[in-house]
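So the chains spell out like this:
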Amino acid sequence: MAGDRLNNIKFKNLTVENIAGRGIAVSGSNITIENCIIRNIGSTGINIAGGNAETLRVSGNVVKNNHIHNIGYHTKAYAPAIQIIGIGNVVENNSIHDTTHGSVFINGGENKFRNNAIYNSSTMFRDMGSIYVNTGDKPYERNNEIINNYIKGYAFTAASGK
């Protein structure tokens with residue numbers, strides 16, 4: 001599923017599965033992705049973007065209470081379970097597991113990532129953590145909050161190659 005410049009849209013109680021590309025890729029404002037199962041996805045599970053970097057207008061986008069797993073079977077690197085881009089996105093209370101590379105990528109500012117559970121992250125690579133935050137040279141890439149998350153089982157070990 002994909003859409004650009006969406007406004008006041010809810011994706012609720014969906015199952016998105018067995019897709020070679022991205023599961024849900026949307027941009028806009030006041031988008032909610034809630035209570036969904038996203039599994040067996042070849043690339044990124046959820047890609048959500050919004051807000052305005054110039055004015056720092058927040059997106060109002062929310063990703064919550066989803067179960068996202070078995071991500072990145074086709075595009076192994078840089079295909080997280082959740083990628084948030086922009087200003088003022090909220091990601092909370094999700095269960096994320098079995099990703100081939102990093103589980104969550106955060107690009108932008110004023111984003112909140114809280115109360116999520118991540119396990120079996122980076123099952124194929126050891127050059128990425130479970131959560132990757134781009135804190136680049138742009139002033140708006142600040143003030144992201146990562147609060148009260150549970151992370152267990154960074155899966156790749158040098159001894160086993162798994």
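Residues numbered from 1 in each chain as written. Predicted model: local features only at pLDDT ≥ 70, side-chain atom pairs only at ≥ 80, totals over all residues. Heavy atoms only, no water.

Under the definition given, this model contains four salt bridges. Linking Arg39 and Glu17 is a salt bridge whose minimum nitrogen-to-oxygen distance equals 2.7 Å. Taken together, the positions of Arg39 in strand E4 (residues 37–41) and Glu17 in strand E2 (residues 15–19) put the pair 22 residues apart, joining distant regions of the chain. With relative accessibility at 26%, the residue Arg39 sits in the partly exposed group. Between Lys64 and Glu34 there is a salt bridge, with its nearest N and O atoms 3.9 Å apart. A residue pair is termed long-range when its members are at least 10 positions apart, and Lys64 in strand E6 (residues 62–64) and Glu34 in strand E3 (residues 24–34) qualify at 30 residues. (Salt bridge = Lys/Arg side-chain N within 4 Å of Asp/Glu carboxyl O. Helix = DSSP H or I, 4+ residues; strand = E, 2+ residues; numbered from the N terminus. Buried < 20%, exposed > 50% of the residue type's maximum accessible area, 1.4 Å probe, protein only.)

Even without a glycine there, the phi angle at Asn13 is positive, about 60 degrees. Assignment of secondary structure puts Asn13 in the loop between strand E1 (2–12) and E2. With relative accessibility at 54%, the residue Asn13 sits in the exposed group. Of note in this structure, Asn143 is not a glycine but carries a positive phi near 60 degrees.

Moving on: the pairing of strand E11 (residues 104–109). Counting buried residues in E11 gives six out of six residues, a clear majority hidden from the surface. Where strand E8 (residues 82–87) meets E11, six bridges bridge the pair, whose relative direction is parallel. Pairing of Ile82 across the sheet is with Val104, part of E11. Bridge count for E11 against strand E14 (residues 131–134) is four bridges, and the pairing is parallel. Looking at the pairing, Ile106 lines up with Val133 of E14. (Pairing = 2+ DSSP bridges.)

One can find Gly60 in the loop between strand E5 (46–50) and E6. Note: C-alpha distance between Gly60 and Asn8 (52 residues apart in sequence) is 9.2 Å. Leaving out residues up to four positions away in the same chain, Gly60 has contacts with Asn30, Ile31 and Gly88. (Contact = heavy atoms within 4.5 Å.)

This paragraph deals with the confidence of the model for the chain. Averaged over all residues, the pLDDT of the chain equals 88, while 94% of them reach at least 70. This model gives residues 157–162 a pLDDT under 50, and the stretch forms six contacts once residues within four places in sequence are excluded. (pLDDT = per-residue confidence, 0-100.)

Positionally, Asp4 belongs in strand E1. Since its relative accessible area comes to 59%, Asp4 is described here as exposed. Spatially, the C-alpha atoms of Asp4 and Ile48 are 9.8 Å apart, while their sequence positions differ by 44 residues. A polar atom in the side chain of Asp4 sits 3.1 Å from the side chain of Ser27. (Polar contact = N/O pair within 3.5 Å; in protein donor to acceptor, adjacent residues only side chain to side chain.)

Looking now at the side chain of Thr99. Looking at where Thr99 falls in the secondary structure, it is placed in strand E10 (residues 95–99). From its side chain, Thr99 meets the backbone oxygen of His101 in a polar contact 3.1 Å long. With residues near it in sequence (within four places) discarded, Thr99 still touches Ile71, Ala81, Asn120, Ser121, Ser122 and Thr123.

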